[in-house]
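# Geometric and topological summary
Each chain is listed here by its residues.
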Amino acid sequence: MDNETLTITDNRTQQTYTIPISRGTIRAMDLRKIKTGPEDFGLMTYDPAFMNTASCQSAVTFLDGEKGILRYRGYPIEQLAEHCTFLEVAYLLLQGELPTSDELANWNCEIGHHMMIHENIKKFMDGFNHDAHPMSILMSTVAALSTFYPEARTVSDAKVRRKQVIRLIAKMPTLAAYAYRHRLGLPYIYPDPELTYAQNYMNMLWRRTEPKYVANPVLARALEVLFILHADHEQNCSTNTMRAVGSSTADPYSTAAAAIAALSGPLHGGANEEVLRMLAEIGTKANIAGFIAQVKDGKRKLMGFGHRVYKNYDPRARIIKQVASEVFEVTGRNPKIDIAMELEKIALSDEYFIKRKLYPNVDFYSGIIYEAMGFKPEQFTVLFGIPRTAGWLAQWQELLQDPEQKIARPRQVYIGEERRDFIPIEERALAAAAIA
Ligand code: SDX
């Protein structure tokens with residue numbers, strides 16, 4: 001399109017400014033020249049929660065919220081979920097291309113080789129109460145990994161970065177499984193390099209006294225697909241956190257721990273656990289109408305519904321529903337899915353949800369599958385964090401290699417007190433009474 005510019009007239013000064021438009025955006029810094037005089041700082045944008053602000057240029061993931069499109073490095077999520085393993089997708093996110101068979105074999109071997117964790121981590125893990133939330137254990141132990149690999153602080157070195165990327169992707173399932181075993185008072189199970197990524201996670205979670213863990217192939221494949229669906233999602237809250245902390249050039253373990261903290265929030269990755277609690281509370285289809293009424297009165301949120309970007313059906317939720325039927329063939333049907341589907345049916349025909357373009361998101365059905373597979377609700381967000389580590393690291397690498405990026409430091413609009421003088425403590429009660 002010609003003339004990719006914006007002409008702005010400042011009605012305070014009658015000055016006009018021509019600002020270039022690039023990829024559907026204007027640079028906020030171009031607004032700084034709009035001033036009322038030489039003393040004026042210039043205009044900023046004010047955008048709480050970044051509703052309309054691009055913080056970076058990224059080639060990792062593409063979303064189209066209106067059309068419900070999700071692509072990793074240009075490949076539609078539906079095709080990746082059907083044809084790939086999770087580690088193949090992790091390689092794609094990090095390297096930008098799908099691996100050849102040799103590249104994938106080497107990558108699988110490297111990850112498998114690094115799934116073990118330092119024995120001291122077990123002592124660290126044993127210090128937690130038996131009922132410590134697995135996400136709290138995960139964020140603490142990931143942060144603790146930074147003490148075992150001090151060289152990781154040299155984030156400017158590509159070789160150092162790659163080694164930590166491999167370690168983090170490899171060790172997340174191990175840490176997550178150990179957190180679960182600690183909760184149950186069970187001995188820790190070492191990873192088995194002969195198993196796939198998902199099979200190994202199941203092995204370290206559920207192996208008892210059998211000499212070799214054999215995962216149910218349908219459940220292992222379902223877990224791989226769920227890992228693929230959760231691997232990345234452009235600039236979501238936890239990825240934004242990864243980029244913000246990473247921009248200070250902190251080591252990747254501390255940075256990933258911050259991202260895990262963000263993911264644990266009920267409005268973000270913690271929603272899958274909240275959905276199960278919500279469905280359990282609703283209990284039967286007869287209670288759905290009453291619950292929906294509470295949501296429409298603003299008293300409750302319909303957890304697992306709504307999305308900042310998707311104003312259409314989350315493509316991941318659609319795939320997860322398909323995976324559910326395959327899992328239920330093995331585990332038996334989880335009755336909660338009937339309540340969830342009835343809830344979806346009613347919500348999608350109700351003006352409150354239609355008007356606000358609220359559709360099921362990735363968290364609405366995932367927990368129902370996890371529960372049927374034998375996971376406890378407190379593990380659900382851990383199941384989100386394991387695969388998302390690949391996306392966080394792909395975005396972290398992109399940030400560090402982007403010449404435009406520097407330490408993240410937003411500005412603010414100050415709305416506090418003007419300058420005022422100190423009040424000695426003996427005069428404060430009197431001063432407060434005078435104001436009251
Ligand atoms: C994830 O960003 C990502 O990509 C995240 C994620 C990823 O892969 O990383 O996709 C993963 O976090 C999915 C979202 C999981 N969270 C939930 O399911 C929690 C429930 N959902 C909501 O809290 C909410 O929809 C958010 C947080 C997901 C999005 O919030 P927004 O974009 O800030 O929207 P909003 O809160 O401003 O809502 C707009 C309107 C409001 O109504 P009004 O004030 O206009 O009357 O929609 C309403 C909200 O009250 N609304 C809901 C609702 N979500 C939004 N009403 C009831 N139930 C909901 N779930």
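Calculation rules
- Residues numbered from 1 in each chain as written.
- Predicted model: local features only at pLDDT ≥ 70, side-chain atom pairs only at ≥ 80, totals over all residues.
- Heavy atoms only, no water.
- Helix = DSSP H or I, 4+ residues; strand = E, 2+ residues; numbered from the N terminus.
- Rg over C-alpha atoms; globule rule 2.2 N^0.38 Å.
- Buried < 20%, exposed > 50% of the residue type's maximum accessible area, 1.4 Å probe, protein only.
- Contact = heavy atoms within 4.5 Å.
- Areas by Shrake-Rupley, 256 points an atom, 1.4 Å probe, with all protein chains shown as cover.
- Phe/Tyr/Trp six-rings, centres within 6.5 Å; stacked < 30°, edge-to-face > 60°.
- Lys NZ or Arg CZ within 6 Å of the ring centre and 35° of its normal.
- Domains from an automatic or database assignment.
- Buried area = accessible area lost by both parts, 1.4 Å probe.
- Salt bridge = Lys/Arg side-chain N within 4 Å of Asp/Glu carboxyl O.
- Polar contact = N/O pair within 3.5 Å; in protein donor to acceptor, adjacent residues only side chain to side chain.
- Nonpolar A, V, L, I, M, F, W, Y, C, P; charged D, E, K, R; others polar.
- Near = heavy atom within 4 Å.
- Arc of directions from axis to C-beta.

This paragraph deals with the overall build of the protein. Helix and strand content of the protein: 18 helices and five strands. Taken against the 2.2 N^0.38 rule, which gives 22 Å for 436 residues, the C-alpha radius of gyration of the protein at 25 Å falls within 12% of a compact globule. Taken along its principal axes, the extent of the C-alpha atoms in the protein is 80 × 70 × 60 Å. Classification of the 436 residues of the protein by burial places 47% in the buried group. Across the protein, every contact between residues at least 6 apart in sequence was considered, and the portion connecting residues at least 24 apart equals 69%. Carbon and sulfur atoms make up 54% of the accessible area of the protein, which totals about 22200 Å².

For any two aromatic rings, the description comes down to two numbers: the centre-to-centre distance and the angle of the planes. Per the counting criterion, the structure on display carries 17 aromatic pairs. On the numbers, 4.5 Å between centres and 20 degrees between planes, the contact of Tyr178 with Tyr188 is stacked. Separated by ten residues along the polypeptide, Tyr178 in helix α6 (residues 158-184) and Tyr188 in the loop between α6 and α7 (197-206) bring together distant segments of the chain. Put simply, the rings of Phe86, Tyr197, Tyr201, Trp206, Phe227, Tyr370, Phe375 and Phe380 pair up and form one aromatic cluster. One Lys or Arg, Arg356, reaches over the ring of Tyr352 and ends 3.7 Å from the middle of that ring.

On to the domain arrangement of the protein, then. Its domain assignment divides the protein into domain 1 (5-45), domain 2 (74-270 + 381-400) and domain 3 (271-372). Look at where the C-alpha atoms of domain 2 and domain 3 centre, and you get two points 26 Å apart. Taken together, the contacts link 24 residues of domain 2 with 22 residues of domain 3. Overall, the association of domain 2 and domain 3 removes approximately 1800 Å² of surface from exposure, summing both partners, and the carbon and sulfur fraction of that is 67%. On the domain 2 side of the interface with domain 3, the three residues burying the most area are Leu226, Leu229 and His233, jointly 28% of the side's total. For the pair domain 2 and domain 3, the interface holds zero salt bridges. Viewed at the interface, domain 3 and domain 2 are joined by ten residue pairs in polar contact (both at pLDDT 80 or more). At the level of secondary structure, the elements contributing two or more residues to the side of domain 2 that touches domain 3 comprise α1 (77-83), α8 (217-229) and α17 (380-400). If you tally residues by element for the side of domain 2 that touches domain 3, the top one is α8, at seven residues. The class makeup of the residues in the side of domain 2 that touches domain 3 is 13 nonpolar, nine polar and two charged.

Turning to its location among the elements, Trp392 is positioned in helix α17. Its relative accessible area of 1% is what places Trp392 among the buried residues. In the structure, Trp392 is positioned 293 residues away from Pro99 in sequence and 19 Å away in space, judged by C-alpha atoms.

This part is about the site of the ligand. His233, His307, Arg308, Arg316 and Arg388 are the nearest of the 22 residues found near the ligand. Here an oxygen atom of the ligand sits 2.6 Å away from a polar atom, N or O, in the side chain of His233. Asn361 places a side-chain nitrogen or oxygen 3.0 Å from an oxygen atom of the ligand. Compared with its free state, where it exposes 1000 Å², the ligand has 74% of that area covered by protein. Looking at the shell around the ligand residue by residue, the class counts come to nine nonpolar, seven polar and six charged.

This part is about the pattern of salt bridges. Evaluation of the coordinates by the stated rule reveals 21 salt bridges. The closest approach of N and O atoms between Lys67 and Asp64, which form a salt bridge, is 3.7 Å. Residue class for Lys67 comes out exposed when judged on its relative accessible area of 62%. Look at Asp64 and you get buried, because its relative accessible area is 17%.

This brings us to helix α4 (residues 119-126). What sets the pattern is the α-helix's 3.6 residues per turn: residues three or four places apart point alike. Here α4 has its buried residues at Ile121, Lys122 and Met125. Down the axis of α4, the buried set is contained in an arc of 105 degrees. They therefore lie on one face. Each element contacted by the buried residues of α4 is listed here: α5 (134-148) and α6.

Turning to its location among the elements, Pro191 is positioned in the loop between α6 and α7. Spatially, the C-alpha atom of Pro191 lies 29 Å from that of Ile77, the residues being 114 residues apart in sequence.

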